[in-house]
Amino acid sequence: MKITGCTKCCQRQVKHRKVRRLAILETMTPASSPRPNLRRELGAKSRDEILNAALRMMSQYGYEGASVSKIASESGLPASSIYWHFGSKAGVLAAVMERGAQAFFSDYESDLALSGEVIDPLSTLRQVLARAQKAAEEHPEFLRVLFLLSLSGEHDERVMKVIEEATAEGRAQLHALLRYAFSGAGDQMALRLSLIHI
């Protein structure tokens, strides 16, 4: 089969475009090439903006009063982004509570290095409670939402699980702190005091 002039010309143009694209790609430096993680970074940033806005709205209006449209307006992102990242308002709440609990307890734990011998249980207890107050002051919105949710009753299963875990973690931390503060009074007494039902 004989190739006509037009087809030859088209084949040359296609080949020329491929060569030109390869030459452009070869001259691109890593700094000028598009970053493959940019999309992921933007997604993480928008997710954080949604969670921050949701925490503010839920702290201010409660779970029922913080509509998806209010969260979208506060975050500056469309409601579709909220549904894309979290699936539902309950999904947003679960993520807000998970992130809040993780931040609260990691700040609290890092601030409370339970080491060394306790000389005076009451001064140790005061010091521990002052640190707990500091952690509470640094995360007031999370604690407000946690308390509001705890008082308001039934929620989505994921949300209830996060509330239960946060409450259990808080109790465990308090028991450990009481046991540590009174460790100078002997292991038996410290254990008894730490097991007081809270």
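Residues numbered from 1 in each chain as written. Predicted model: local features only at pLDDT ≥ 70, side-chain atom pairs only at ≥ 80, totals over all residues. Heavy atoms only, no water.

Draft legend 1. Looking closely at the packing of helix α6 (residues 121-138) against helix α8 (residues 157-181). Where α6 meets α8, the axes come as close as 8 Å, and the angle between the chain directions of the two elements is 150°. Judged on the interaxial angle alone, α8 and α6 are roughly antiparallel. As for how α6 packs across α8, the hand of that crossing is right-handed. On the side of α6, the interface is formed by Pro-121, Thr-124, Leu-125 and Val-128, while α8 contributes Leu-177, Leu-178, Tyr-180 and Ala-181. Class assignment of the residues belonging to the contact of α6 with α8 gives a composition of seven nonpolar, one polar and no charged. (Axes fitted to C-alpha atoms, helices over the stretch in contact; angles between N-to-C directions. Helix = DSSP H or I, 4+ residues; strand = E, 2+ residues; numbered from the N terminus. Parallel < 35°, antiparallel > 145°, perpendicular 65-115°, else oblique. Left-handed = near helix turned anticlockwise from the far one by under 90°. Contact = heavy atoms within 4.5 Å. Nonpolar A, V, L, I, M, F, W, Y, C, P; charged D, E, K, R; others polar.)

Draft legend 2. View of the packing of helix α2 (residues 38-65) against helix α4 (residues 79-86). Two numbers describe how α2 lies on α4: the axes approach to 10 Å, and their chain directions differ by 105°. Judged on the interaxial angle alone, α4 and α2 are roughly perpendicular. Here Gly-43, Ser-46, Arg-47, Ile-50 and Leu-51 of α2 lie close against α4, whose contacting residues are Ser-81, Ile-82, His-85 and Phe-86. Of the residues belonging to the contact of α2 with α4, the class tally is four nonpolar, four polar and one charged.

Draft legend 3. View of α2. Compared with the 40 Å implied by 1.5 Å per residue over 28 residues, the 34 Å span of α2 between its first and last C-alpha is markedly short. Maximal helix bending in α2 amounts to about 90°, located at Ser-59. Among all positions of α2, only Ser-46, Ile-50, Leu-51, Ala-53, Ala-54, Leu-55, Met-57, Met-58, Ser-59, Gly-62 and Tyr-63 are buried. (Expected span 1.5 Å × (residues − 1). Bend = angle between axes of the 7 residues up to and from the residue. Buried < 20%, exposed > 50% of the residue type's maximum accessible area, 1.4 Å probe, protein only.)

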